Amino acid sequence: MNRNFKILGLAAAMVFVGSQSFAQAKKAGWVSLFNGKNLKGWHGFNKTGEVKNWEIENGALVCLGTVKGTDTGGDIVSDKQYSNFELAWEWKIDKGSNSGVLYHVVEEPKYEASYLTGPEYQIIDDIGWVPDKLEEWQKTGADYAMHIPNNLKKVMPVGQWNTSRIVFNHGHVEHWLNGKKIVEFTAWDADWNKKKAEGKWKDHPEYGISKIGHIALQDHGHKAYFKNIRIKQL
């Protein structure tokens, strides 16, 4: 482990685990999903071989936004699968960018996109998105197309780093943004099933039903930056 990665890990531990040291955070079960140097531990969704649309810039994992013609043709997913977990990361986007972090993603040839199975923590430029007017369920921090953020949500200006967390614990789900819990719901309860049946996923029975799957970072054709990606299994 090189010195730069030690510093990176310690910074992440201080942000998400209070006053604990990096060693304490590791002992508590936190595992890094990104080493700050390469794409080890990640691969293209439903793909094998070299990933060409993501690269490393100044210790950050960067989506180049070069895959066009499909919403998620360039998504990358974790090699490992997770069920109950706490996921923490830092991110920023360029003006007009759109991305997201998904979980419980299922890789099978019949699924052409990661979002068809995996719930998404939405990341988007709420102010500078120009193609169309955003609904609340499309904005940053939302459980995309299902649950909207509360009034504690505060996003840093475009180009500045944000901190986010997803907690999934036996169906209890939380979204955090910059230290505030902005979304909380129960997967698979009556309200969840109603939202699914009446909304965007009404024709996608496969959406959100898997209890285990990959973590995915979305390539929506825009540039997005991720670092300090860490997970703790619950």
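Placed above this text is the structure.
All figures in this text were calculated on a predicted structure; none of them were measured in a lab.

**Q** Honestly, the environment of Gly 65 in this entry has me stumped. Any pointers?
**A** Topologically, Gly 65 is positioned in the loop between strand E4 (60-63) and strand E5 (76-82). Taking the relative accessible area as the measure of exposure, Gly 65 reaches 6% and is therefore buried. Each C-alpha atom, one on Gly 65 and one on Asn 98, is 9.4 Å from the other, the two residues being 33 residues apart in sequence. When sequence neighbours within four positions are dropped, the list of residues in contact with Gly 65 reads Asn 53, Asp 219, Gly 221, His 222 and Lys 223.

**Q** What's the story with the packing of aromatic side chains in this structure? I'm lost.
**A** Aromatic ring pairs are defined here through the distance separating the ring centres and the angle between the ring planes. Counted according to the given criterion, the structure contains 11 aromatic pairs. With a centroid separation of 5.6 Å and an interplanar angle of 65 degrees, the aromatic rings of Phe 168 and Trp 188 are classed as edge-to-face. Of this pair, Phe 168 sits in strand E9 (residues 162-169) while Trp 188 sits in the loop between strand E11 (180-186) and helix H3 (190-198), placing them 20 residues apart in sequence. Residue class for Phe 168 comes out buried when judged on its relative accessible area of 2%. The class for Trp 188 is partly exposed, based on a relative accessible area of 26%. Judged by centre distance (4.3 Å) and plane angle (5 degrees), the ring pair of Trp 201 and Tyr 207 falls under stacked. Tyr 207 carries the same exposure label as Trp 201, and that label is buried. Feature note: the residues Tyr 115, Trp 137, Tyr 144, Trp 192, Trp 201 and Tyr 207 constitute an aromatic cluster, connected by ring pairs. The positively charged end of Lys 92 is found above the aromatic ring belonging to Tyr 225, 5.1 Å away from the centroid. Over the face of the ring belonging to Trp 161 we find Lys 227, whose NZ or CZ atom lies 4.2 Å from the ring centre.

**Q** So what exactly am I meant to see when it comes to the nonpolar core here?
**A** Ranked by size, the top nonpolar core spans 49 residues in total, and within it Leu 87, Trp 89, Val 101, Ile 215, Phe 226 and Ile 229 carry the most contacts. Top contributing element to this core by residue count: strand E6 (residues 85-93), with 5 residues. If near-sequence neighbours (up to four positions away) are discounted, Ile 215 is found in contact with Leu 33, Trp 42, Ile 76, Val 77, Ser 78, Tyr 82, Phe 85, Leu 87, Val 101, Leu 102, Tyr 103 and Ile 231.

What counts and how
- Residues numbered from 1 in each chain as written.
- Predicted model: local features only at pLDDT ≥ 70, side-chain atom pairs only at ≥ 80, totals over all residues.
- Heavy atoms only, no water.
- Helix = DSSP H or I, 4+ residues; strand = E, 2+ residues; numbered from the N terminus.
- Buried < 20%, exposed > 50% of the residue type's maximum accessible area, 1.4 Å probe, protein only.
- Contact = heavy atoms within 4.5 Å.
- Phe/Tyr/Trp six-rings, centres within 6.5 Å; stacked < 30°, edge-to-face > 60°.
- Lys NZ or Arg CZ within 6 Å of the ring centre and 35° of its normal.
- Core = buried A, V, L, I, M, F, W, Y, C linked by side-chain atoms within 4.5 Å.

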